[in-house]
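Residue-level structural notes
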Amino acid sequence: MSDATTTDRQEARMPKFLRRLDPAVATSFACIVALLVFGSLYSSSFLSPEYLLQQLKVASFLGVISTGMMLVILLGQIDLSVPWTVTTGAMMASAAAAMGPAGVFLAIPFGIVCGMTIGLVNGIGVAYLRIPSMIVTLATNAVAQGLMVAYTGGFSPQDSASGAMRYLATGAFIPGVPNSVIVWAIVGGATVFVLTRTTFGRSVYAIGNRERAAYLSGVNTRRIVMTAFIAAGGLAAFGGVLLAGYASKAAQSMGDAYLLPSIAAVVLGGTSILGGRGSYLGTIAGVILITLLQSILSVMQMPEAGRQIIYGVVIVVMLLLYGRSPASR
Amino acid sequence: MSEWRYWYAEQKGTLLALGIFVVMFVIYTANHPAGFTANVVQTASNKGVLLAFVAMAQTLVVITAGIDLSVGMIFLLTNCLASWLVVGSPFETTIGVVAVLLVGALCGAINGAIVIYGRLQPIVATIATGAIYFGIALLLRPFPGGSVNEDLADALTGRLLGVVPASLVTLIAVVLIVWVPFRRSEYGRAAYAAGSSEVAAYMSGVPIKRGKFLAYTLSGLLAAIGGLFLTFFTYTGEAAFASGNAYTLFSIAAVVLGGVSLFGGRGSAIGAIFGAFAFRTIGDLLFVFDLDPLWQPLFQGVVLLLAVSLGAFALFRVKNRLEWFG
């Protein structure tokens, strides 16, 4: 009892914004600062604005993909179809860009619509057929892979990204600020608005907490779940479009490197994998944390094997620190 | 009479998987240019047994209402390890085999410890440990290579008495040595009970933690047996990310086809074995019908999507809409 009152008093002394901060988000930001300090000890160029902007630019691709993943995780579901949705978005946008002027104009929307179609199948499977999301998204991932392999013949397609895609990913509309960062900021701002200020966002949190209760209070839970999956598919494909613009072409299995990081970014940012709890600020922290970690490991010339191991260990350790579910009692 | 009804209700998924497999295999051999010969059966069995081991490993975890997304990576890791250790004299080979199996069991035990005692969600925990296991596999074999004791490899992938595929005999032996005792033990029942309803099992004083831990550990062991067999077939070790991912995905497909409930507590490893054989045969059907191999991933994906959609038929039996939300 006395413990509780002392912590209350301690909390009362803290500034208001600190009291409202989720410990998971605070831990993530603390880790980001620690990584930056560690990196600056290793190389002095680590804290230069150019390097940090470059990191933000790389982070923005993961950021867009993680936004969709976060929507789905908030529902208490998961989207394992990210790898080939990203690849489908990239390949279809590049393929459209090769089809003449109209194709160039429609390249970006076409890529996103292809991703939304995959999301629609996921959404119907999860919301209406009640198949566990992990299974149905694994299956659509396999179907998307099959379609892309059949379409490309198993090789990386020769079509290159359209000018608009390249401009979105590598250009700088405001001098010094990469466009992809602006894109991420717009996507992020829209997500924060939708999650906190709209009925849809409220319903997403409600369904994540207890779908049965949300249904009984009159939420059309199945439509909301389906919409969230469509949005997640579209965002993953948009991430793929940006990546294709960045590399100026699509490649086989370019999306494989985004499944684990996108889940890790969302979960490290304090969003509960069981759904219903989490903030977009945390996801931003998670995305930057993962990108910095990857960057530092590659600056240290860590081979791929070591990177995978450190990566897995960091995720397990951070989750053990604050991602544990309550004990069964 | 009523006893039979219960037995049928429990084994329905397994029997269905057996039925699918038999139908597919008959279509396969009937259209195969060589027909139903010992050679065709041996090749089919060798390919099927690999997936069957991984699917059994997945079943053990799925029964406890978990999921193991690192199972393909344990399979790769033990494959790479076996390509270093399972060489030399019979004695050295034996030590190597035991070491590989122990490492597999250790990987499974780590997963189990993180999920059960660390209380992390199995999906995230095994994705992360999968990355670790893949990293170690890549450390062991940055490039494909290595070798294996070829006498042992040929003995286990060949035919006994010129007819029976040795790999099939090994699979049956593993079922009898690992699965049947587990299923009949107290811990096996605890794993089923935990998957069926963890709260009820806890309240009844069932040793759920030890049961689940044993299930995860044995799952790692079975994945390691699969990894050993992969080494016996290919004579090399290779850390290919795509291949590990594919085995994880196929193992889930096999488990679903084999009638194991992904919500836990229902199904058996025997069903998963038939599921694995059926899935492999479906994939091979394309070859006997002379279709372009490029279509194989799409075909397998569509079969997988249809297989998992079959579960939706249970919706027609729902009387109260609230049951949608389990």
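So, here is what we can say about the structure in this document. (Residues numbered from 1 in each chain as written. Chains lettered and ligands numbered in written order. Predicted model: local features only at pLDDT ≥ 70, side-chain atom pairs only at ≥ 80, totals over all residues. Heavy atoms only, no water.)

It is worth spelling out the interface of chain A and chain B at this point. Listed per partner, the contact involves 51 residues of chain A and 44 residues of chain B. Buried surface at the junction of chain A and chain B, summed over both partners, amounts to about 4300 Å²; 80% is from carbon and sulfur atoms. Linking chain A to chain B there are 0 residue pairs in polar contact (both at pLDDT 80 or more). Going through the elements one at a time, α6 (100–128), α7 (133–152), α11 (211–216), α12 (221–247), α13 (259–268) and α15 (304–322) of chain A are the ones with two or more residues in the side of chain A that touches chain B. Ranked by residue count, the leading element in the side of chain A that touches chain B is α7(A), at 12 residues. Within the side of chain A that touches chain B, the residues separate by chemical class into 33 nonpolar, 10 polar and 8 charged. (Contact = heavy atoms within 4.5 Å. Buried area = accessible area lost by both parts, 1.4 Å probe. Polar contact = N/O pair within 3.5 Å; in protein donor to acceptor, adjacent residues only side chain to side chain. Helix = DSSP H or I, 4+ residues; strand = E, 2+ residues; numbered from the N terminus. Nonpolar A, V, L, I, M, F, W, Y, C, P; charged D, E, K, R; others polar.)

Residue and element names in this part refer to chain B. Scanning the entire structure with this criterion turns up 3 salt bridges over all chains. The salt bridge partner of D284 is K47, with a shortest N-O separation of 3.0 Å. Remark: K47 occurs in helix α2 (residues 38–63) and D284 occurs in helix α12 (residues 269–288); sequence separation between them is 237 residues. (Salt bridge = Lys/Arg side-chain N within 4 Å of Asp/Glu carboxyl O.)

What follows concerns the packing of helix α6 (residues 150–157) of chain B against helix α10 (residues 208–234) of chain B. The geometry of a pair of packed helices is captured by two quantities: the angle between their axes and the separation between those axes. All names here are of chain B. Taken N-terminus to C-terminus, the directions of α6 and α10 make an angle of 100°; their axes are 9 Å apart at the nearest point. For the element pair α6 / α10, the angle class is roughly perpendicular. Counted together, L152, A153, L156 and T157 of α6 and F229, F232 and F233 of α10 form the full contact between these two elements. (Axes fitted to C-alpha atoms, helices over the stretch in contact; angles between N-to-C directions. Parallel < 35°, antiparallel > 145°, perpendicular 65-115°, else oblique.)

Further remarks concern the environment of S45(B). Residue and element names in this part refer to chain B. Along the polypeptide, S45 turns up in helix α2. Given the relative accessible area of 6%, S45 is considered buried. Taking the C-alpha atoms as reference points, S45 and T281, separated by 236 residues in sequence, lie 9.9 Å from one another. The contacts of S45, once residues within four sequence positions are left out, are P165, S167, L168 and F277. (Buried < 20%, exposed > 50% of the residue type's maximum accessible area, 1.4 Å probe, protein only.)

This part covers a nonpolar patch on the surface. Residue and element names in this part refer to chain B. On the surface, a cluster of nonpolar side chains totalling about 700 Å² of accessible area is made up of W4, W7, Y8, L15, L18, V22 and V26. Here Y8 shows up in helix α1 (residues 2–31). You can call Y8 partly exposed: its relative accessible area is 46%. (Patch = residues over 30% accessible without salt bridge, like charges linked within 9 Å, V, L, I, M, F, W, Y side chains within 5 Å. Areas by Shrake-Rupley, 256 points an atom, 1.4 Å probe, with all protein chains shown as cover.)

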